[in-house]
Amino acid sequence: MLSDGLWRILRIGLVGLVLAAAVAGLLIGDSWLWVAVQWSPPAYGAFYAHNGFDTLTVAALLMAAPVKAALLWLILRAPAPGPLSRRARALRRLLYLAVAYALVLWLPIALLPDVVDAAFQLALWTAIDVLYLLVIRWRSGMLRTAAGVLFALELAGMADELLDELDLLELGSGDILGLGLMLGGVAATVITVIGQWRDGRWSRGTLTAGWLSVGVYALVIPLNLLLEEVFSGSLATSVMMDAVGLVSTVWIAATARELPADDRLEDLPPARRRAVRVAVATVAVLPIIAMIQPEQNAYLTYTDRSPGCYDRPSFGDVKPAERDAVFLCRARSTDGGVPPMFPDGLSDQAILAYGRELCRAKDRNEQEAILKRAGSARPAWGADPWDLVYVCPEIIGETHPELLRSTAETQAANDAYIAEQNARCRDPWPRTKGVVQATANYFLFVDGDPGYLVHDPADEAAEEAAGQAMDKVFDDSTGIGVARTAALIGHVEDVIDLCLTVKALRTAPPRRTAGWDQVNEVPIVSLSGRLTVPEKGEGEVGAGAPMPNLAIAGKGRYRLRVYVRVGDVGEEHLVVVFPGASRKRLKLKP
């Protein structure tokens, strides 16, 4: 074992190296500063900050350096002399292994599969918890039993993580179970500190470190969430949480150091105790105080990387208290690689004020002037009403009432519109009943669409056939492009929808060309026993009602007769399908 002098030299050297490296990192660059303070590869920081660290992250790193150096000084204290039992010696070694893992071993283990890390943690803390029960003098059978229960709950959480990594049946799911397992880990720490206090061998400093580690566990989740809200997009939160979290390592190291079987170690003199208390309080509180910004600084509560900003909720689904947050997400969105509506440094308050000003703008030119004043990188784009509706619904709703709907209301309105469009279409051959048939409105793209498909959707080359049919429709005088299992039927007028009736017959019907502008007949093949017309999906083209399978005879060759006319209801198509081996194309009425 190293002598006290060598321990002191080691401590001074390592702590001095950390501080010197941090100062050098400030001069050399972000990567070196990250390695010096976080003790992890530069790639870890670069992954979250592609364009370098912001000012807040650099400040957090510089503040974290002395904090971590002070905590490292406490961790590297020499083990207390004195005899150890076999169990106490094993516990000391395992605790120092846990300290080594927290400081350095996590990096090489992180290079291995995640299941290795989970298994190592479970094995290590199972052994430590068992030895805690055997080595600590609990002085109460009930307290020892309670400790065993809480240790089991802590290990259950680790076992659940291991099962998850192995893709096996987990202990359970849901936020309540996860919270219970997490609280079990906190309770295990509490019961261990109580056991140390009743044992009498551990100093007040060690007990204080234990209680501080409990405080870190209790605060880390809500505090992390709060700081993420305020400083979203910055690494400062992660840096400060990592520094404060080192308090737990101090407690583990102190527990291992003070394990000899003698009575309680002598406490420090009163003056030194006060100095330690001030130092501990400073370590715990100063990083948090340093993160508090002046009131006039920009608060960036919501960015396009914040949880919940990936989806675009309908206005009617958003609670009034959440509307500003949705607008902030949209205003800072970089979807598609486009620049955000407002610059990154602009505060929430300023963006909301500019948003309401954009709502009152009389035209696009006035919106452009407002965005230029705000420093926008895309002023010429203006602001869209579907973004502004969240910040001024009373203004946008006057000209775009449909934007105030909820998802359910929008769906109901769409369904009603489709039903209304379908109702205007009638079967042009009501007396000729098909084996299967349907009549519906067919919706085309607003800015032009070559037509609609009759195809075999189960054909392995369905997409290729559809593409070939589309290429051919422009060169064919009948306006029908055929590619074996697909036929693209074009429209004759510049329309965005048409009335379509499809019928499947067992034999060829009479020609009946009277009253129709065009009648053409082409061959088509069904390889799977299916022929149909695509139905309309949400925001897509297609028929407004379910279309039947027109391949009533199963796999094989069919004839496709298309009737087209333009009348009072607009453009009207009748498609009749029947079995037929002919491969001829017929112009029954050019």
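Since the model is a prediction, treat every value here as computed from it, not as a measurement.

## Quick notes on the sheet that holds strand S7 (residues 542-543)
Pairing is mixed in the open sheet, where seven strands are placed in the order S7-S1-S5-S9-S8-S6-S10. Two strands in the sheet have a free side with no partner beyond their single neighbour: S7 and strand S10 (586-589).

## With respect to the packing of helix H4 (residues 55-75) against helix H10 (residues 236-257)
Here H4 crosses H10 at 0°, and the two axes come no closer than 9 Å. Relative to H10, H4 is oriented roughly parallel. Here Leu 56, Thr 57, Ala 60, Leu 61, Ala 64, Val 67, Lys 68, Leu 71, Leu 74 and Ile 75 of H4 come into contact with H10, specifically with Ala 236, Val 239, Met 240, Asp 242, Ala 243, Leu 246, Val 247, Thr 249, Val 250, Ala 253 and Arg 257.

## So, H10
Each α-helix winds once per 3.6 residues, and so residues spaced three or four apart point in a common direction. Over its 22 residues, H10 extends 32 Å from the first C-alpha to the last, a length consistent with the 32 Å expected when each residue adds 1.5 Å. Taken across its 22 residues, H10 has 19 buried, putting it largely inside the fold.

## Brief notes about the nonpolar core
With 61 residues, the main nonpolar core has Leu 91, Leu 95, Trp 125 and Ile 128 as its most contacted residues. Every element with two or more residues in this core is listed here: helix H2 (30-38), H4, helix H5 (86-110), helix H6 (114-135), helix H7 (141-165), helix H8 (175-199), helix H9 (204-230) and H10. Considering each element in turn, this core owes the most residues, twelve residues, to H10. When residues no more than four places from it in sequence are discounted, the contact partners of Leu 91 are Ile 128, Leu 131, Tyr 132, Val 135 and Leu 259. The next biggest cluster of nonpolar side chains, apart from the first, holds 29 residues, and it includes Leu 444, Tyr 452, Leu 531 and Val 533.

Reading the values: rules and limits
- Throughout, residues of each chain are indexed from 1 in the direction in which the sequence is written.
- With the structure being a predicted model, the display of local features is reserved for residues of pLDDT at least 70 and the display and counting of side-chain atom pairs for 80 or more, all residues being used for whole-chain, interface and lining totals.
- Only heavy atoms go into the side-chain values, all of them from the structure, while hydrogens and water stay out.
- Two strands form a pair only when DSSP identifies at least two bridges running between them.
- A run of DSSP states H or I qualifies as a helix once it reaches four residues; a run of E qualifies as a strand once it reaches two. Both are numbered from the N-terminal end.
- Here an angle of 0 to 180 degrees is reported between the N-to-C directions of two axes, which are lines fitted to C-alpha atoms, with helices fitted over the stretch in contact.
- If an angle is under 35 degrees, it is roughly parallel; if it is over 145, roughly antiparallel; if it lies from 65 to 115, roughly perpendicular; otherwise it is oblique.
- For this analysis, residues touch if any pair of their heavy atoms sits within 4.5 Å.
- Working rule for helices: expected span equals 1.5 Å times residues minus one.
- Accessible area is worked out with a 1.4 Å probe on protein chains only. A residue is then buried under 20% of its type maximum, exposed over 50%, and partly exposed in between.
- To qualify as a nonpolar core, a set must consist of buried Ala, Val, Leu, Ile, Met, Phe, Trp, Tyr and Cys residues joined through side-chain atoms within 4.5 Å.

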